[in-house]
Amino acid sequence: MRFIAVALVCALLSACTVTRIDRGTYIADTRHHATSVDSRVRFLVMHYTEIDEAGSLEVLTGPNVSAHYVVPDAPAIEHGEPVIYRLVPEEKRAWHAGVSEWQGTTELNAASIGIENVNLGPVDTPQGRRWQPYPAAQVDALVRLAKDIVTRYAIPPTRVVGHSDIAPQRKIDPGPLFPWRALYAAGVGAWPDDADIARHLAGRDPKSPADVKALQEKLRRYGYEVATDGVLDDRTRNVFAAFQMHFRPGDYAGRPDAESDAIAAALLDKYLR
Ligand SMILES: [Zn+2]
């Protein structure tokens, strides 16, 4: 009776804090607050869906795969704001990044929010393989969403990643046309400074070969799961390509060149010194 009275008063006075939660078979006393806690969400992972909006929603609400958000390629606008699908509550684990690793954390589903962007990925045309652009309205919606998420969870720049960054042996999404730069300009994710790249190039031809082991070591420090044995095998090449797709999308052939080496050094200087 006393509880009901308190609850009633609290319902009327929103400033009142409820310290008892009646869960039907017991009461939870919430007057004491621990300080040694952190958030489930420590990473933000970007994807593309490879299919249109209707197909994306069908697949991502079916078995095996899901994401917290789906950003349409042509979002509806309500009251001047883009409408983004939220399929999974943020406190729950969505299934978008199963076998994955970043900065030593594996199985990133447990520790991330996943955003799927409606985009067809690479499409074979008579002129060859063509990546599909991310339209400006979609980028605008994505920026609003990502900025809100990194702000609310204080996600650091180096932990805003693509699926290809955390699973470079299996995945190529969100692809070389993904708007990493626009996100960076809005305060989301990492981007190297040109002056730092020039300083680390130190007069080298950007296309000249870089030391494989040195680049492996830099990318491992940055977050990639890569060997540091100096061997340019397929696995290492896939990691170099994933890094280039993110930070040097004009050439992502996976060759260890001086420019990639300088970009990696510039990122480490800026974010993980
Ligand atoms: Zn993906």
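The structure presented is a predicted model; accordingly, all values stated were derived computationally and were not measured.

Right, let's get into the overall build of the protein. Along the protein, the regular secondary structure elements total nine helices and 13 strands. Over its C-alpha atoms, taken along the principal directions, the protein stretches across nearly 80 × 45 × 35 Å. With 273 residues in all, the protein has 43% of them scored as buried. For the protein, restricting intrachain contacts to residue pairs at least 6 apart in sequence, the fraction spanning at least 24 positions comes to 65%. Summed over its atoms, the accessible surface of the protein is roughly 14600 Å², and 54% of this surface lies on carbon and sulfur atoms.

Another point: the layout of surface pockets. Of the volumes computed, that of the largest pocket is approximately 370 Å³. Together, 20 residues line the largest pocket, and H47, V65, E116, H163 and K171 are the ones closest to its centre. Mapped onto the lining of the largest pocket, the elements with two or more residues apiece are β3 (43-48) and α2 (53-60). The leading source of residues in the lining of the largest pocket is α2, at three residues. The residue inventory of the lining of the largest pocket, partitioned by class, reads eight nonpolar, seven polar and five charged.

What follows covers the sheet that holds strand β7 (residues 85-86). With mixed pairing, the five strands of this open sheet are ordered in space as β7-β4-β10-β3-β13. At either margin of the open sheet sits one strand with a lone partner, and together these are β7 and β13 (160-162). Relative to strand β10 (residues 112-117), β3 runs parallel, the two sharing six bridges. Across the sheet, M46 pairs through a bridge with I115, a residue of β10.

Each regular strand shows side chains that alternate between the opposite faces of the sheet. Two strands pair when backbone bridges link them, and strand β11 (residues 122-125) and strand β12 (residues 128-131) are joined in this way by four bridges, in the antiparallel orientation. Of the residues in β12, the one forming a bridge with T125 is G128. Where β11 folds back onto β12 in an antiparallel hairpin, the turn is made up of two residues.

In this section: the coordination of the zinc ion. Around the zinc ion, the protein supplies H47 (ND1), H163 (ND1) and D173 (OD) as donor atoms, at distances of 2.0 to 2.2 Å. For the zinc ion, all donor residues lie on one chain, and their spacing in sequence is H-x115-H-x9-D. Separated by ten residues along the polypeptide, H163 in helix α4 (residues 163-166) and D173 in the loop between α4 and α5 (180-185) bring together distant segments of the chain. Residue classification places D173 among the buried positions, given a relative accessible area of 6%.

The topology assignment puts D165 in helix α4. It turns out D165 is buried and unbridged, and the closest side chain with the opposite charge, R159, is 13 Å from it. Of note is the side chain of D165, whose polar atom sits 2.8 Å from the backbone nitrogen of G162. One polar contact links D165 to H246, side chain to side chain, over a distance of 2.8 Å. Discounting chain neighbours no more than four positions away, the residues touching D165 are E101, W102, W180, Y224, A242 and H246.

In this structure, H47 sits in strand β3. For H47, a relative accessible area of 1% puts it in the buried group. If near-sequence neighbours (up to four positions away) are discounted, H47 is found in contact with H96, I115, E116, N117, H163, D173 and P174.

Omega for the peptide link from D173 to P174 comes to 15 degrees, which places this bond in the cis form. Summarising the element assignment, P174 is placed in the loop between α4 and α5. Its identity is not glycine, yet E50 carries a phi of approximately 75 degrees, on the positive side. Given the relative accessible area of 52%, E50 is considered exposed.

Structurally, the protein comprises domain 1 (1-35), domain 2 (43-185) and domain 3 (194-271). Distance between the C-alpha centres of domain 2 and domain 3: 24 Å. Each partner contributes residues to the interface: domain 2 has 16 residues there, and domain 3 has 15 residues. Between domain 2 and domain 3, the buried area comes to about 1500 Å², and carbon and sulfur atoms account for 57% of it.

A few words on the environment of P176. Inspection of the secondary structure puts P176 in the loop between α4 and α5. When the C-alpha atoms of P176 and T17 are compared, they prove to be 49 Å apart, with 159 residues separating the residues in sequence. Dropping the residues within four chain positions of it, P176 is found in contact with W131, M245, P249 and Y252.

About the criteria used
- Residues numbered from 1 in each chain as written.
- Predicted model: local features only at pLDDT ≥ 70, side-chain atom pairs only at ≥ 80, totals over all residues.
- Heavy atoms only, no water.
- Helix = DSSP H or I, 4+ residues; strand = E, 2+ residues; numbered from the N terminus.
- Buried < 20%, exposed > 50% of the residue type's maximum accessible area, 1.4 Å probe, protein only.
- Contact = heavy atoms within 4.5 Å.
- Areas by Shrake-Rupley, 256 points an atom, 1.4 Å probe, with all protein chains shown as cover.
- 1 Å grid on protein atoms, 1.4 Å probe; cavity = no way out; pocket = protein on both sides within 12 Å on 5 of 7 lines; lining within 4 Å.
- Points joined across faces, edges and corners; volume = space filled by probe spheres on them.
- Nonpolar A, V, L, I, M, F, W, Y, C, P; charged D, E, K, R; others polar.
- Pairing = 2+ DSSP bridges.
- Donors = N, O, S within 2.8 Å, 3.2 Å for Na, K, Ca; no water.
- Lys, Arg positive; Asp, Glu negative; His and termini not counted.
- Salt bridge = Lys/Arg side-chain N within 4 Å of Asp/Glu carboxyl O.
- Polar contact = N/O pair within 3.5 Å; in protein donor to acceptor, adjacent residues only side chain to side chain.
- Domains from an automatic or database assignment.
- Buried area = accessible area lost by both parts, 1.4 Å probe.

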